[in-house]
Structure formats: C-alpha cells, structure tokens
Amino acid sequence: MAEPLTIEPVPATNSNSAVMATYARQAISFVRGEGSWLFTADGERYLDFGSGVAVNSLGHAHPHLVAALTGQASQLWHTSNIYRSPGQERLAQRLCAASFADRVFFCNSGTEACEGAIKTARRYHYANGNPERWRIITFEGAFHGRTLAALAAAANPKYLEGFGTPADGFDNIPLNDPEALAAAIGPQTAAIMIEPIIGEGGVRVVPAEMLQHLRQLCDEHGLLLIFDEVQTGVGRTGRLFAHEHAGVKPDIMAIAKGIGGGFPLGAFLATEKAASGMIAGTHGSTFGGNPLAMAVGNAVLDVVLTPGFLDEVTRKAARLRQSLAEIKDNSSGLVLEVRGNGLLTGLKLDPGIPAGDFVTAALAEHLLLIGAGDNVVRILPPLNIDEADIVEGAARISRTLAHFGGSSR
Ligand SMILES: *Cc1c(COP(=O)(O)O)cnc(C)c1O
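No experiment lies behind these values; they were computed from the predicted model shown.

Novice: Any chance you could break down the site of the ligand for me, citing the residues and the numbers?
Specialist: Around the ligand, the surrounding shell consists of S109, G110, T111, F143, H144, G145, E195, D228, V230, Q231 and K257. Coverage of the ligand by the protein chains reaches 82% of its 380 Å² of free accessible surface. Taken together, the residues of the shell around the ligand break down into two nonpolar, six polar and three charged.

Structure, rendered in structure tokens:
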C-alpha cells in the first residue's frame, strides 16, 4: 500500500532548488487556502489580493469547486479527445449561450488559447480562399503568453531575447496610433488581436471607442477581431467578458485563468463563421478539456452565472475603488493613478517606488499583490471576496505605502 502522503513545507528561498530558475520568486510558500486567505506552514495568514494572477476567481477551496473536482476525480480523469466529451459539450454550450460565440476549443493555458485564436483566424482566411491573409496586427505592451508565437505576437524584446528570430506573421504597433494602425492593414492582414484591458502591461484600459474603431476596421477590411480575455474574462470586470462594457463583439476570443478557478484550463471561442476553417485534424490537445477540467469549469460557471453574482462583483469593485481613491489622495503624490475596471485594478506608483519593492513590502503586512508593467501594482482579489476583507486589504495597502513615506491615514 502507498504511504500516506505528507507534504513537506518548501524551503522559503529557491537557492539550491532543482526547479529551473526562471521565476524571481518571493521567499514564501503556502500550504493551504480558504476563501480570500492563504496560510503558511507555520499558520501565518495572508490576504490574497492577487488570486494567483486572476486565477483563483472564487478564492481558495471553494466548497462547490472542491465537490465538483473530487466528485469527478472518483469517476473518470481522462479519456482522450478521440471520444465525445459530455463535460466539454456542456461547458461549450454554456459559454456560447452567455457570449458572442458558437464554437469552443478547450486547452490548458492562456498562451495555448491565444495560439489557437491565431490559428483559427489564419485558417478562416485559408478556408475562404485567401491563404495569403495570415498576418495578425498586435499592440505594444501586450502579453499573450510565453510560447514562441505568443511571444512574437506581443513583441516584448525582454521576453524574446535569446530565443532566435521571432516567429513571422505579426505586425506589432503602438496602442494609440491610428495612423500606424491604418498603415499596418494590408492585403496579408488576417486579424487584429488585443486585450480589452492590457493586464501584464500595466492594467491599461483600452477605451471603448478604440475597441469600437477596431471592430469597424475589421468589418471594413474583412479582418477578424480577436480579444485576449485570458485575464479580463469570466467576471473579473463585473461583466462575464470585459468587451461587453464597450458593446463590441469579437469574432474570436481567448480565455483561461479565471475559468478554471485554479485548475489548468483555457479555451478559445469563435463565431461559427470565424471557426469555419477549424475542421477535423486542424488542431488538437491531449489534455485539453479533460473531464477534471470540465467539472471545475462548469462549477465556476455555476457560481459566476448565478443571478446577481456579477452585480456583486461590481459593487465590491466600487468599494475597493473608493478605498484606493482615498489612498491615492492621502499618498503625498506617491500613487499617481488608480486604474482598471471591476476587480482588475492597478495602482500606478511614483517612479521612486518600484512596483516590485511595493509588492515585497506588502508581504510584511501579510498582503499579496502582483506587479505589472508601467510601474503598476495589480490588485486582483477573488471575485467573491467579503466586503470586510476589501476594507482590510485597503488598510494593508495604506500601511504598506507608509513604509515608503506615504501617510497611512
Ligand atoms: C496570463 C495571460 C496569458 C498567458 O496565460 P498562461 O496561462 O500563462 O499561458 C495570455 N494573455 C493574457 C492577457 C494573460 O493575462
């Protein structure tokens, strides 16, 4: 018989670790989570205002998700995509009923969802007799994940360095440059891809007018519009998908992070027309949409689609926003801006306070935050956080700011 499983607490630092050193990790680890709180092996508790980067959408150990996963775990883990999957059919049907989409492909991560979205756009033009239309217009400061095509799409020199010639097929242009945008559209253009809120790049909200303009351009030129909602999707902004705020529908959308609530799950969604090139044999994934992931994804939707849930997210976000505005006003100019939408919020800090230093200082207040580009600290609490915990987290942010000379009210 197997020995009972004992989990050794991980040493606080990753020096001498056999794990590849690709992350600059904080010197802390957690053994348990409950709601919006995480616990270390010695019982210290931390308020989670990061949700594992917008992943733990319903906090930790949500009873409905735990029941869905453990229930499925005792029935069936994997059967392969060579058989039909009732879990996939159900989750796909529900995602389509709640969105612009007619078809869904399930994968395991955000970057795979972005790759799949890109492939879908290219195959659409190929299947419609325009195989030369395969280039995708993307934007500076974007993040679409770490696979080679996703890196080429975002064109961040820091992430591309040392990995050879970036994959061809992407035209990366500045965000607020209508002339560059007009000039980038050519006879080879297949699609425009953008995050409705640029998350990793500093929680920069793309104005509704710009998203509407992109939709218009796509319609004029026969291009497909791809939204990367890997971070913004599944309730994060108080609507099921962030693009709903702008009243603009994409043709293709990538999601991941929040839909799995902590279980690895991604998907790309498309209209029937945009998905028309994705016929048998064009794409696949061994693990994508496996029964465990489908049980959890369906359970996340059970909660997020409960009538009133998204209104509560909006209400909580307003409460958080009010606290953050007060913190900014009392920060002696150290907080330059409060940004974002819903519970995808960022504080842009004075250049004298590197965002990474702020995140580390917040740990001393037992508060978990996430850094982002543009010297922004991201605040991404679980969507179902208690109002009392929002107030508590805001107080901890205020105390963190005091370390850097800002008043703590
Ligand atoms: C996190 C993220 C990705 C990549 O997701 P992974 O699961 O890490 O591959 C892609 N796009 C956006 C907008 C993201 O926030």
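Novice: Explain the side chain of K348 to me, using residue names and the numbers behind them.
Specialist: Tracing the backbone through its elements, the reader meets K348 in strand β14 (residues 344–349). For K348, the residues in contact, after removing those within four places along its chain, are L334, V335, L336, E337, R339, D374, N375 and V376.

Novice: Describe in detail the packing of helix α2 (residues 63–73) against helix α9 (residues 291–304), supporting the description with residues and values.
Specialist: One can describe the packing of α2 onto α9 by two numbers: an axis separation of 9 Å at closest approach and a directional angle of 155°. Relative to α9, α2 is oriented roughly antiparallel. Classified by chirality, the crossing of α9 by α2 is right-handed. Contact residues: α2 offers H64, L65, A68, L69, Q72 and A73, while α9 offers P291, L292, A295, V296, A299, V300, D302 and V303. Split into classes, the residues belonging to the contact of α2 with α9 amount to eleven nonpolar, two polar and one charged.

Novice: Before we move on, can you summarise the nonpolar core with the specific residues and values?
Specialist: Residues F49, L95, L369 and I397 are the most contacted members of the largest nonpolar core, which totals 59 residues. Considering every element that reaches this core, the biggest residue donor is α9, with eight residues. Mapping this core onto the domain boundaries places at least three of its residues in each of domain 1 (38–64 + 308–402) and domain 2 (85–304). Of all hydrophobic cores here, the second largest spans 21 residues; its members include F139, I194, L214 and L217.

Novice: Mind laying out the sheet that holds strand β17 (residues 376–379), listing which residues take part and the relevant values?
Specialist: Within a sheet, adjacent strands bond to each other through the backbone by hydrogen bonds, running parallel or antiparallel. On the basis of which strands lie adjacent, the open sheet formed by four strands has the order β13-β14-β17-β16 and antiparallel pairing. Of all strands in the sheet, those with a lone pairing partner are β13 (335–341) and β16 (370–372), marking the two edges. Mean inter-strand twist for the sheet, computed between neighbouring axes without regard to direction, equals 30°. Two strands pair when backbone bridges link them, and β16 and β17 are joined in this way by three bridges, in the antiparallel orientation. From the neighbouring strand, A372 faces β17, where its bridge partner is V376.

Novice: Tell me about α9, and please be specific about residues and values.
Specialist: Its 14 residues give α9 an end-to-end C-alpha distance of 20 Å, which sits within 8% of 20 Å, the value for a rise of 1.5 Å per residue. The element α9 is largely enclosed, with a buried count of 13 among its 14 residues. With a side-chain oxygen positioned 2.9 Å from the backbone nitrogen of L292, the residue opening α9 is N290.

Novice: Which residues make up the environment of F100, and what are the values?
Specialist: Counting through the fold element by element, F100 comes out in the loop between α3 (86–97) and β4 (103–107). In this structure F100 touches H243, K249, P250, D251, I252, M253, L269, A270 and T271, once residues within four positions along its chain are discounted.

Novice: Tell me about the domain arrangement of the protein chain, and name the residues and values.
Specialist: For the protein chain, the assigned domains are domain 1 (38–64 + 308–402) and domain 2 (85–304). One C-alpha centre belongs to domain 1, the other to domain 2, and the line joining them spans 26 Å. Each partner contributes to the interface: domain 1 provides 30 residues, whereas domain 2 provides 27 residues. The tally of links between domain 1 and domain 2 comes to one salt bridge. R378 is the salt-bridge partner of E200, the closest N and O atoms lying 3.0 Å from each other. If you list the elements that add at least two residues to the side of domain 1 that touches domain 2, you get α1 (51–54), α10 (309–329), β13, β14 and β17. Among the residues making up the side of domain 1 that touches domain 2, the classes are represented as 15 nonpolar, twelve polar and three charged.

Novice: Break down the sheet that holds strand β15 (residues 367–368) for me, with residues and values.
Specialist: Spatial ordering of the open sheet is given by β1-β2-β3-β15, a layout of four strands whose pairing is mixed. In this open sheet, the two edge strands, each paired with only one partner strand, are β1 (32–34) and β15. Sheet topology note: the strand β3 (residues 45–48)/β15 ladder contains two bridges and is parallel. Each residue of the ladder has a partner; that of D48, found in β15, is L368. Its contacts with the sheet place helix α12 (residues 387–403) against β2 (37–39), β3 and β15, and it is angled at close to 100° to β3.

Novice: Please give an account of helix α11 (residues 355–364) that cites residues and values.
Specialist: For α11, every residue scored as buried is listed here: A355, F358, V359, A361, A362 and L363. Packing partners of the buried residues in α11 comprise β3, β14, β15, β16, β17 and α12. In the segment just after α11, H366 is the residue with positive phi, at about 55°.

Novice: Explain the packing of aromatic side chains to me, using residue names and the numbers behind them.
Specialist: Counting across every chain of the model gives four aromatic pairs. For the ring pair F105 and F268, a centre distance of 5.0 Å and an interplane angle of 20° mean the geometry is stacked. Here F105 is found in strand β4, whereas its partner F268 is found in strand β12 (residues 266–270), with 163 residues between them in sequence. What makes F268 buried here is its relative accessible area of 5%. One cation-aromatic arrangement involves R135 over W134; the distance from NZ or CZ to the ring centre is 5.9 Å.

Novice: Give me the side chain of D228: which residues, what numbers.
Specialist: Mapped onto the fold, D228 is located in strand β10 (residues 224–228). Of the side chains with opposite charge, K257 lies nearest to the buried D228, which makes no salt bridge, at 7.2 Å. Polar contacts involving the side chain of D228 include one to the main-chain amide nitrogen of V230, which spans 3.0 Å. Discounting chain neighbours no more than four positions away, the residues touching D228 are C114, F143, H144, I194, E195, P196 and A254.

Quick notes on the rules
- Residues numbered from 1 in each chain as written.
- Predicted model: local features only at pLDDT ≥ 70, side-chain atom pairs only at ≥ 80, totals over all residues.
- Heavy atoms only, no water.
- Near = heavy atom within 4 Å.
- Areas by Shrake-Rupley, 256 points an atom, 1.4 Å probe, with all protein chains shown as cover.
- Nonpolar A, V, L, I, M, F, W, Y, C, P; charged D, E, K, R; others polar.
- Helix = DSSP H or I, 4+ residues; strand = E, 2+ residues; numbered from the N terminus.
- Contact = heavy atoms within 4.5 Å.
- Axes fitted to C-alpha atoms, helices over the stretch in contact; angles between N-to-C directions.
- Parallel < 35°, antiparallel > 145°, perpendicular 65-115°, else oblique.
- Left-handed = near helix turned anticlockwise from the far one by under 90°.
- Core = buried A, V, L, I, M, F, W, Y, C linked by side-chain atoms within 4.5 Å.
- Buried < 20%, exposed > 50% of the residue type's maximum accessible area, 1.4 Å probe, protein only.
- Domains from an automatic or database assignment.
- Pairing = 2+ DSSP bridges.
- Expected span 1.5 Å × (residues − 1).
- Polar contact = N/O pair within 3.5 Å; in protein donor to acceptor, adjacent residues only side chain to side chain.
- Salt bridge = Lys/Arg side-chain N within 4 Å of Asp/Glu carboxyl O.
- Phe/Tyr/Trp six-rings, centres within 6.5 Å; stacked < 30°, edge-to-face > 60°.
- Lys NZ or Arg CZ within 6 Å of the ring centre and 35° of its normal.
- Lys, Arg positive; Asp, Glu negative; His and termini not counted.

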